[in-house]
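So you can see what is in the structure, the chains are spelled out below.
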Amino acid sequence: MEFLETIFGTIGDLTWGWSLIPFLVVLGLFFTFASGFVQFKYFGRMFRVLQGKNQTGDPNAITAREALLLSVGGRVGGGNIAGVAVAITLGGPGAVFWMWAIAIVGMATSLVECSLAQLFKEPAEDGTFRGGPARTILHGLGKDYRWLAVLYAICLIAAFGIGFPAFQGNTVAGAAQDSLGIDRMITGVVLALGTGIIVYGGIHRIAKTCDVIVPIMALGYIFMALIVIVINITDVPAVIGMIVSNALGFEEAVSGGMGAAIAQGLRRGLFSNEAGLGSAPNVAATADVRHPISQGITQSFSVFIDTIVICSCTAFVILLGDVYVAGAQDVNGVALTQQSLVSHLGEWAQYFLTGAVLLFAFSSIIYNYYLGENAMTVMTRSKVALNVFKVALVAIVFLGAVAPAATSVFFFSDPMMGILAIVNLLALLMLFPIAKRLIVDFSAQLKAGVDRPVLNPDDYADLDINREVWNGKGE
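These figures come from a predicted structure and were not determined experimentally.

Scoring rules and cut-offs
- Residues numbered from 1 in each chain as written.
- Predicted model: local features only at pLDDT ≥ 70, side-chain atom pairs only at ≥ 80, totals over all residues.
- Heavy atoms only, no water.
- Helix = DSSP H or I, 4+ residues; strand = E, 2+ residues; numbered from the N terminus.
- Contact = heavy atoms within 4.5 Å.
- Core = buried A, V, L, I, M, F, W, Y, C linked by side-chain atoms within 4.5 Å.
- Buried < 20%, exposed > 50% of the residue type's maximum accessible area, 1.4 Å probe, protein only.
- Axes fitted to C-alpha atoms, helices over the stretch in contact; angles between N-to-C directions.
- Left-handed = near helix turned anticlockwise from the far one by under 90°.
- Nonpolar A, V, L, I, M, F, W, Y, C, P; charged D, E, K, R; others polar.
- Expected span 1.5 Å × (residues − 1).
- Salt bridge = Lys/Arg side-chain N within 4 Å of Asp/Glu carboxyl O.
- Phe/Tyr/Trp six-rings, centres within 6.5 Å; stacked < 30°, edge-to-face > 60°.
- Lys NZ or Arg CZ within 6 Å of the ring centre and 35° of its normal.

Digging into the environment of S294
Thinking step 1. Within the element layout of this structure, S294 appears in helix 13 (residues 292–319).
Thinking step 2. The sequence separation of S294 and R45 amounts to 249 residues, and the corresponding C-alpha distance is 8.8 Å.
Thinking step 3. Apart from residues lying up to four places away in sequence, S294 is in contact with V289 and F442.

Side note on the nonpolar core
Thinking step 1. Judged by nonpolar contacts, the single largest core of 140 residues is most densely connected at I88, L116, L119, F160, I293 and L341.
Thinking step 2. The biggest single contributor to this core is helix 17 (residues 413–447), with 17 residues.
Thinking step 3. If we ignore the near neighbours within four places in the chain, the residues touching L116 are T136, L428, L431, I434 and A435.

Some words on the packing of helix 6 (residues 133–141) against helix 17
Thinking step 1. One way to put it is that helix 6 packs onto helix 17 with a least axis distance of 10 Å and a crossing angle of 35°. Handedness of the crossing formed by helix 6 with helix 17: left-handed. The segment helix 6 lies against helix 17, with P133, T136, I137, G140 and L141 engaging V423, N424, A427, M430 and L431.
Thinking step 2. Classifying every residue of the contact of helix 6 with helix 17 by side-chain character gives seven nonpolar, three polar and no charged.

Focus on helix 10 (residues 236–247)
An α-helix turns once every 3.6 residues. As a result, residues three or four positions apart point the same way.
Thinking step 1. Spanning twelve residues, helix 10 covers 17 Å between terminal C-alpha atoms, matching the ideal 16 Å at 1.5 Å per step.
Thinking step 2. When we look at burial in helix 10, the residues that qualify are V236, V239, I243, S245, N246 and A247.
Thinking step 3. Backbone geometry just downstream of helix 10 places G249 in the positive-phi region, at approximately 85°.

Focus: the pattern of salt bridges
Thinking step 1. Applying the stated criterion across every chain yields a total of four salt bridges.
Thinking step 2. Measuring nitrogen to oxygen at the nearest pair gives 3.0 Å for the salt bridge that ties E122 to R135. Here R135 lies in helix 6 and E122 lies in strand 1 (residues 122–123), a separation of 13 residues in the sequence.
Thinking step 3. Given the relative accessible area of 19%, E122 is considered buried.
Thinking step 4. The shortest N-O distance in the salt bridge between E373 and R130 comes to 2.5 Å. One end of the pair, E373, is in helix 15 (residues 348–379); the other, R130, is in strand 2 (residues 129–130), and 243 residues separate them in sequence.
Thinking step 5. Judged by its relative accessible area of 5%, E373 is buried.

What about the packing of aromatic side chains?
Thinking step 1. Applying the stated criterion to the full structure yields 13 aromatic pairs.
Thinking step 2. Ring geometry for Y369 against F389: centres 5.6 Å apart, planes inclined by 20°, an arrangement best described as stacked. Of this pair, Y369 sits in helix 15 while F389 sits in helix 16 (residues 383–402), and the two are 20 residues apart along the sequence. By the burial criterion, Y369 is buried, and F389 matches it.
Thinking step 3. Ring-pair connections join several aromatic residues into one group, and the members of that group are F43, F47, F301 and F304.
Thinking step 4. Over the ring of F129 we find K121; its NZ or CZ atom is 4.2 Å from the centre of that ring.
Thinking step 5. Between K121 and the ring centre of W470, over which it is positioned, the NZ or CZ distance is 4.6 Å.

Here's the deal with helix 15
Thinking step 1. Taking 1.5 Å of rise per residue, 32 residues should cover 46 Å, and helix 15 covers 48 Å from first to last C-alpha, within 8% of that figure.
Thinking step 2. Of all 32 residues in helix 15, 25 are buried; the element is thus mostly enclosed.

A closer look at the environment of M376
Thinking step 1. As for its position among the elements, M376 is in helix 15.
Thinking step 2. For M376, a relative accessible area of 13% gives the class buried.
Thinking step 3. Along the chain, M376 and I157 lie 219 residues apart, while their C-alpha atoms are 7.3 Å from each other.
Thinking step 4. Leaving out residues up to four positions away in the same chain, M376 has contacts with I157, A385, L386 and F389.

See the structure below:
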């Protein structure tokens, strides 16, 4: 076990410690400039997806809104509550500025990776679609790169399908026990049963569940933060000034100054919105849309919601209160967010936050399950293997909930995520010319007066795409 921990620790150091974050930042900037600042160009169109109407008439279709909310449900989690608090504790208020910066850059990366996943998607047996980086590699780079697709799929299953559900189960059980006094065993049973019911219902039930849970948890948390901001509205300009001055090194809040702010902001921002990690494209590919860029725009909006909106809510709750003390680390993580919220609104607020954590974590569990399932179908179509994975997931969620120390067994999660992110980014770099073609095509149709651009598969006859899925009937 010590040998394995050393190996995975080394992998983690080589990815997250040295190469991955600079790679994500540099590629995000490249995609932003090379695409003509696409995240700003199409920002207004992002809000259309909130209408959420199924315009296809197909009962099996996953709408763009459902795909958006499923990805938001996966992205939004502990990182938005505890992660932001840790970033501020270790990097000072300036970390928030750099979280915003990496989110804006990440919006372009997300648009590129999710548009490619849409282009190379395939029909599934249940009438929906499947796609993601593994299939993008197979069809975009060719069969010679199948080994790379399999490596990506294995890492995705290990990190998102096995490791992270245990952590989320642990988060739910810990929050329920600490704030509500509910025994971990009870939480574990309820959580396992709920997870099993949803995952055995397939992508339709997963999407419908997130369509209900995500708006409730996100809007509820945003509303709570807005109350705090309104109560302290006169202090908001000073807080914004503090964030900017600390970010640019004019005001040092913690040891390390500007460097600590940049490091923590970039790291926590990337962990939170997952842009470039290759997770969201698995969900983006399920949507039935007329043009790949349409879903790319939608998923870019998901990054905006996660970091610019929800992470900012946590930041203002903390920085507008009196619990946070610059340089002090005795109160951090979810405790800092919780105590700050209580200082603004009273004791009842901690129960609200506990509920938010429960919903955030549960939506992440079912999102992580789908990522693992989708990765498995790249390697095998066996229904037996899929059912074994479902049973294993339910057991892992229960184990993570009832045994706090059990999550330490899944030490391989972050290193595996590091590998899959590197694989995904290399594939995106090689396939960007195709993404550029899609962007140019979409823009040309808009300039020609087409309000809802449609992909013409004949224009991409040189690529290995499934022509049947592009029939012009999508949203």
